[in-house]
Amino acid sequence: MKKEKLISVRKGLKISQADIATYLKISQTQYQKRESGQIEICDVEWKRISKLLYVEVDEIYEENTDPKNAISLKIELQILKEKIKILEQNWNNHTSNRKETE
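Predicted model only: the values in this text are computed from it and were never measured. Every chain begins its residue count from 1, and numbering advances along the sequence as written. It should be noted that, the model being predicted, local features are given only for residues of pLDDT at least 70 and side-chain atom pairs only at 80 or more, the latter also being counted only at that level, while totals for whole chains, interfaces and linings use all residues. Calculated side-chain values reflect all of the structure's heavy atoms, with hydrogen atoms and water omitted.

Caption draft 1: Expanded view of the pattern of salt bridges. Between Lys or Arg on one side and Asp or Glu on the other, a salt bridge is scored when a side-chain nitrogen of the former is within 4 Å of a carboxyl oxygen of the latter. In this structure the tally under the stated criterion is 2 salt bridges. The partner of Arg10 in a salt bridge is Glu35, with the nearest N and O atoms 2.7 Å apart. Here the residue Arg10 occupies a position in helix α1 (residues 4-12), and Glu35 occupies one in helix α3 (residues 28-36), the gap between them amounting to 25 residues. For the pair Arg10 and Glu35, a shared accessibility class is recorded, and that class is buried. Glu45 serves as the salt-bridge partner of Arg34, at 3.0 Å between the closest nitrogen and oxygen. Highlighted residues: Arg34 in helix α3 and Glu45 in helix α4 (residues 43-53), separated in sequence by 11 residues. For the residue pair Arg34 and Glu45, the accessibility class agrees, reading buried in each case. Secondary structure counts use DSSP, requiring at least four H or I residues in a row for a helix and at least two E residues in a row for a strand, with both numbered from the N terminus. The rule is simple: take the accessible area with a 1.4 Å probe, protein chains only, and divide by the maximum for that residue type; under 20% is buried, over 50% is exposed, in between is partly exposed.

Caption draft 2: Local environment of the packing of aromatic side chains. Within 6.5 Å between ring centres, the rings of Phe, Tyr and Trp (the latter by its six-membered ring) count as paired, and their orientation is classed by plane angle as stacked under 30 degrees, edge-to-face over 60, tilted in between. For the structure on display, the rule yields 1 aromatic pair. When the ring of Trp46 is compared with that of Tyr61, the centres are 5.1 Å apart and the planes differ by 70 degrees; the resulting orientation is edge-to-face. Separated by 15 residues along the polypeptide, Trp46 in helix α4 and Tyr61 in the loop between α5 (57-60) and α6 (73-101) bring together distant segments of the chain. The positively charged end of Arg48 is found above the aromatic ring belonging to Tyr23, 4.7 Å away from the centroid. Only lysine NZ and arginine CZ atoms are considered, and such an atom sits over a ring when it is within 6 Å of the ring centre and within 35 degrees of the ring normal.

Caption draft 3: Region of the structure containing α1. Here α1 has its buried residues at Leu6, Ile7 and Arg10. Around the axis of α1, the buried residues are gathered within 95 degrees of arc, so they sit on the same side. Contact definition: two residues touch when any of their heavy atoms are within 4.5 Å. Against α2 (17-24), α3, α4 and α5 lie the buried residues of α1. Positive phi appears at Lys14, one or two residues downstream of α1, with a value of about 60 degrees. The arc in question is traced by the directions running from the helix axis to the C-beta atoms.

Caption draft 4: Local environment of α4. Along α4, the residues that are buried comprise Glu45, Trp46, Ile49, Ser50 and Leu53. Across the axial projection of α4, the buried residues extend over an arc of 130 degrees, all falling on one side. Within α4, the exposed residues directed more than 90 degrees away from the buried face are Asp43, Val44, Lys47 and Lys51. On its buried face, α4 is in contact with α1, α2, α3 and α5.

So, in structure tokens, the structure goes:
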């Protein structure tokens, strides 16, 4: 579920998604996914965002009400770990094959 309260306050202060992403030390794309409800915003992030926007957390906080559209950070992290493992295996195979041909 889109974080309408957060978006409204952010836009009202003329703060961009990129500005908040930089503040949270994440990419703009990752922040956009949080704002759109694709990834849950954790408690620490809610607190940091509220501090940046000079509001209380409850003024911007909205739960994800449609969990089938929300991708938890743990699931996304697991997917990335699996992709890294595959890339490492491909790299090892590539370097192994290269040594054999030398």
